[in-house]
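Fold and geometry: a report
Each chain, letter by letter, is given below.
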Amino acid sequence: MDEEIQITASNLRFSPAQITVKPGETVRFVVTNNDPYLHNFGSGEAAIPFVSLPGNTTQTVTWTAPTTKGAYTALCTLHPGMSLTLVIED
């Protein structure tokens, strides 16, 4: 595990709004849902497996960053506009 990153879901937003990691880095996301309703978190384009986030719970997901540099989006598929940007760079 190269890094652990805390993410909070609150008021239909993820915080932080942008995360930067190195190509190929292994990251454990610790995602806390502070809202009383269901969210999810993941990314099809960055191959982050989606996890379900029931209200007022914390889930973890381990991910290996792509080796291709660039910006990727992680999101909640249940709430349009609820996303964060993953920047892959050295």
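In this report, the structure presented in the accompanying data block is examined. (Residues numbered from 1 in each chain as written. Predicted model: local features only at pLDDT ≥ 70, side-chain atom pairs only at ≥ 80, totals over all residues. Heavy atoms only, no water.)

**Side note on the sheet that holds strand 2 (residues 13-15)**
A sheet is described by the order of its strands in space; here 4 strands give the open sequence 2-1-4-7, paired in mixed fashion. Strand pairing shows two members of the sheet lacking a second neighbour, strand 2 and strand 7 (58-64), which therefore form its edges. The average undirected angle you get between the axes of adjacent strands in this sheet is 25°. Both strand 1 (residues 3-10) and strand 2 contribute to a ladder of 3 bridges, which runs antiparallel. Bridge pairing in strand 2 links serine 10 to arginine 13. (Pairing = 2+ DSSP bridges. Helix = DSSP H or I, 4+ residues; strand = E, 2+ residues; numbered from the N terminus. Axes fitted to C-alpha atoms, helices over the stretch in contact; angles between N-to-C directions.)

**What to know about the pattern of salt bridges**
If charged atoms from side chains of opposite charge come close, those side chains can pair. Applying the stated criterion across every chain yields a total of 2 salt bridges. Measuring nitrogen to oxygen at the nearest pair gives 3.2 Å for the salt bridge that ties arginine 28 to glutamate 4. Within this pair, whereas arginine 28 is found in strand 4 (residues 26-33), its partner glutamate 4 is found in strand 1, the two being separated by 24 residues in sequence. Here lysine 69 and aspartate 90 are joined by a salt bridge, their closest N and O atoms 2.8 Å apart. Of this pair, lysine 69 sits in the loop between strand 7 and strand 8 (70-75) while aspartate 90 sits in the segment after strand 9 (83-88), and the two are 21 residues apart along the sequence. Aspartate 90 carries the same exposure label as lysine 69, and that label is exposed. (Salt bridge = Lys/Arg side-chain N within 4 Å of Asp/Glu carboxyl O. Buried < 20%, exposed > 50% of the residue type's maximum accessible area, 1.4 Å probe, protein only.)

**So, the packing of aromatic side chains**
Summed over the entire model, instances satisfying the criterion amount to 3 aromatic pairs. Here the aromatic rings of phenylalanine 14 and phenylalanine 41 are separated by 5.3 Å at their centres, their planes lie at 75°, and the arrangement is edge-to-face. Residue phenylalanine 14 is found in strand 2, and its partner phenylalanine 41 is found in strand 5 (residues 39-43); the two are separated by 27 residues along the sequence. For phenylalanine 14, a relative accessible area of 5% gives the class buried. Assessed through its relative accessible area of 0%, phenylalanine 41 is described here as buried. Ring pairs connect the aromatic residues Phe14, Phe29, Phe41 and Trp63, which therefore count as one cluster. (Phe/Tyr/Trp six-rings, centres within 6.5 Å; stacked < 30°, edge-to-face > 60°.)

**Some details on the pairing of strand 3 (residues 18-21)**
The alternating pattern of strand 3 places Ile19 and Val21 on a buried face and Gln18 and Thr20 on a face that is not buried. Across 4 bridges, the pairing between strand 3 and strand 9 is parallel. Bridge pairing in strand 9 links threonine 20 to valine 87.

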